[in-house]
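The chain contents come next:
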Amino acid sequence: MLKKSSLVLWGAALFIAWNGLLLLFLWSRPPSPASPGEGDRLTAEVIRLAQDAETELERQKDLLRQIHRYSGLGGRRRGLRPPPAPPPPPSPPPPRPTDPAGAVLPVLVMACDRSTVRRCLDKLLRYRPSAQRFPVIVSQDCGHAETARVIASYGDAVAHIRQPDLSDIPVPAEHRKFQGYYKIARHYRWALGQVFRTFRYRAAIVVEDDLEVAPDFFEYFQAAFPLLLADRSLWCVSAWNDNGKEQMVDVGQAELLYRTDFFPGLGWLLLAELWDELEPKWPRAFWDDWMRQPEQRRGRSCVRPEVSRTMTFGRKGVSHGQFFDQYLKFIKLNDRFVPFTQLDLSYLKKEEYERSFLPKVYAAPEVRVEELQGNRRRELGAVRLQYSGRDSFKAFAKALGLMDDLKSGVPRAGYRGIVSFVYRGRRVYLAPPADWTGYDPSWS
């Protein structure tokens, strides 16, 4: 069998020989005196010869193509690899369907140097109902080799993208110990840019690499997505309840959802339009607290569940375990599948929600914190504990085991200043007076 290089040379020699013979024929024609018809005949003959040459040229090209195909086939039969094909062109952007039921909701996993990302990915892949509807994209910062190997071990089940800039970020001297927060903000900006600018998705669910998801995680977001599209007073859907410790939620009402003015994060859905708004002013650090500022929130709310659809197992991190041992490790992860897509969630639209939720809160009998702690007046059912200012809110929250910090005046899990939770088996609303007029950003 001829080698590929010999076959190519043979074909090229045929091509050159034919064209050489053609030129020799033209040059060897004897000159003759011109006559009235001789010039026309000569012109016609030259045109005919040129056409013949063009036809022969095409035949030679076909021959060369056949030689290439033949030699490539022979190489494969001998176990030789053909030359690498050029990289395929980028995939076209996914469609942005007008029907929310057919929307693609990618899950963007933010990873760095935790090889325990496997726990997060295992649950995501175990519970997702469709790889097409819910593609998983892992964006890795930090360049940590072991974490990269763990992500690569999932093959085509996940897409692995890497934040290219691993350099240190110049920070003010007093923020030197916060370098990690600057890098996190940079990573978020890059990764969200990839999802919305490069891949052009309509929306995305963002989770961190230390989150474990509930069995109905995807069902929850799939059902809430149309609500986020329809109600412009909402700007996110979160899987997290900041006060979701097991003794503080009603696990028998796992289908219960709320509006909250506090941005929870920790497994959240946002639209591409929100990224259009936030990207130009994205902060250099502390992006989550920045999201909680009035300038970004702009009076909008998120949806959050009674029972969390995520839980965190990552004590290690830039926050050095802040809140983890006291609150986060006790968050109850829902373990009962709720068919949210079969439920009517219209009660979460702002007007309808305030027509039902606010009267229910302020119709509840008011009690004193001592009565709650003493488990008295049980016959009242749901009750209300009223606070009058920042200090009384923090005192009541600490006494009852709630997270007591405020961000720009907004309590965690609060809506219009109201925090709903369970205490000793009954519903309690920690609420401001009924004539509440808005948050005071100085309560921070």
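Residues numbered from 1 in each chain as written. Predicted model: local features only at pLDDT ≥ 70, side-chain atom pairs only at ≥ 80, totals over all residues. Heavy atoms only, no water.

### With respect to the pairing of strand β15 (residues 426–431)
β15 sits mainly inside the fold: six of its six residues count as buried. Residues R426, V428 and L430 point to one face of β15 and R427, Y429 and A431 to the other, with burial holding for every one of them. Two elements, strand β11 (residues 383–386) and β15, share four bridges in a ladder whose sense is parallel. Note that in β15 the partner of Q386 across the bridge is A431. As paired elements, strand β14 (residues 419–423) and β15 share five bridges and run antiparallel to each other. In the strand pairing of β15, V422 is matched with R427. Linking β14 back to β15 in an antiparallel pair, the connection comprises two residues, with R424 at a positive phi of about 50°. (Buried < 20%, exposed > 50% of the residue type's maximum accessible area, 1.4 Å probe, protein only. Helix = DSSP H or I, 4+ residues; strand = E, 2+ residues; numbered from the N terminus. Pairing = 2+ DSSP bridges.)

### Digging into the packing of aromatic side chains
Going through the model one piece at a time under the given rule, you end up with 24 aromatic pairs. Taking the centre distance of 5.0 Å and the plane angle of 20° together, the rings of Y353 and F357 count as stacked. Taken together, the residues Y353 and F357, both in helix α10 (residues 350–363) and four residues apart, mark about one turn of the helix. Judged by its relative accessible area of 3%, Y353 falls in the buried class. Classification of F357 as buried rests on a relative accessible area of 6%. Ring centres of W436 and Y439 lie 4.8 Å apart, and the angle between their planes is 75°; this geometry places the pair in the edge-to-face category. (Phe/Tyr/Trp six-rings, centres within 6.5 Å; stacked < 30°, edge-to-face > 60°.)

### Focus on the sheet that holds β11
With mixed pairing, the three strands of this open sheet are ordered in space as β11-β15-β14. Each having just a single partner strand, β11 and β14 make up the two edges of the open sheet. Within the sheet, the average angular offset between the axes of one strand and its neighbour, ignoring direction, is 30°. (Axes fitted to C-alpha atoms, helices over the stretch in contact; angles between N-to-C directions.)

### Digging into unusual backbone geometry
For residues besides glycine, phi is generally negative; the peptide bonds are generally trans as well. Phi is positive for L266, which is not a glycine, with a value near 50°. Residue L266 is classed as partly exposed on the basis of its relative accessible area, which comes to 23%. Of note, the phi angle at R377 is positive, near 60°, even though the residue is not glycine. With respect to the helices and strands, the residue R377 is situated in the loop between α11 (369–373) and β11.

### Some points on the state of the cysteines
All told, the structure shown has two disulfides when counted by the stated rule. Here C112 is linked by a disulfide to C142, with a sulfur-sulfur distance of 1.6 Å. Taking the sign of the S-S torsion, about -85° here, the bridge from C112 to C142 comes out left-handed. One end of the pair, C112, is in the loop between β1 (107–111) and α3 (117–127); the other, C142, is in the loop between β2 (136–140) and α4 (145–152), with 30 residues separating them in the sequence. The class of C142 is partly exposed, set by a relative accessible area of 36%. Through a disulfide, C236 is tied to C302; the S-S separation comes to 2.0 Å. Handedness of the C236-C302 disulfide follows from its S-S torsion of about 115°: it is right-handed. Here the residue C236 occupies a position in strand β6 (residues 234–238), and C302 occupies one in strand β9 (residues 301–305), the gap between them amounting to 66 residues. On the basis of relative accessibility, which here comes to 0%, the residue C302 falls in the buried class. (Disulfide = S-S within 2.5 Å.)

### Quick look at the pattern of salt bridges
Side chains that differ in sign of charge can pair as their charged atoms come close. Counted according to the given criterion, the structure contains 30 salt bridges. In this structure, R197 engages E279 in a salt bridge whose closest nitrogen and oxygen atoms are separated by 2.9 Å. Of this pair, R197 sits in helix α5 (residues 179–198) while E279 sits in the loop between α7 (272–278) and α8 (287–291), and the two are 82 residues apart along the sequence. The salt bridge involving R336 is made with E255; its shortest N-O contact spans 3.5 Å. Placement of R336 in the loop between β10 (310–312) and α10 and of E255 in the loop between β6 and β7 (257–260) is noted, with a sequence separation of 81 residues between them. One network of salt bridges, with partners in common, ties together R368, E370, E371 and R377. (Salt bridge = Lys/Arg side-chain N within 4 Å of Asp/Glu carboxyl O.)

### Focus on α5
In a regular helix each residue adds 1.5 Å, so 20 residues correspond to 28 Å; α5 covers 27 Å between its end C-alpha atoms and thus fits that length. When we look at burial in α5, the residues that qualify are Q179, Y182, A185, R186, H187, Y188, A191, L192, G193, Q194, V195 and F196. After α5 finishes, the residue R200 shows a positive phi value of roughly 60°. (Expected span 1.5 Å × (residues − 1).)

### What about the side chain of E208?
Tracing the backbone through its elements, the reader meets E208 in strand β4 (residues 203–208). Although E208 is buried, it forms no salt bridge, and the closest oppositely charged side chain is R114 at an N-O distance of 7.9 Å. Leave out the neighbours within four places in its chain, and E208 touches M110, C120, Y188, L266, G267 and W287. (Lys, Arg positive; Asp, Glu negative; His and termini not counted. Contact = heavy atoms within 4.5 Å.)

### Some points on the sheet that holds strand β3 (residues 159–162)
Read from one edge of the open sheet, eight strands run β3-β2-β1-β4-β8-β6-β9-β7, paired in mixed fashion. Edge positions in the sheet fall to β3 and β7, since each has one partner strand and no second. Within the sheet, the average angular offset between the axes of one strand and its neighbour, ignoring direction, is 25°. When β7 meets β9, the two strands line up antiparallel, connected through four bridges. Each residue of the ladder has a partner; that of L257, found in β9, is P305. Across the sheet, α3 touches β1, β2 and β4, and the angle it forms with β1 is around 170°.

Take it as geometry only, folks, not as evidence of what the structure does.
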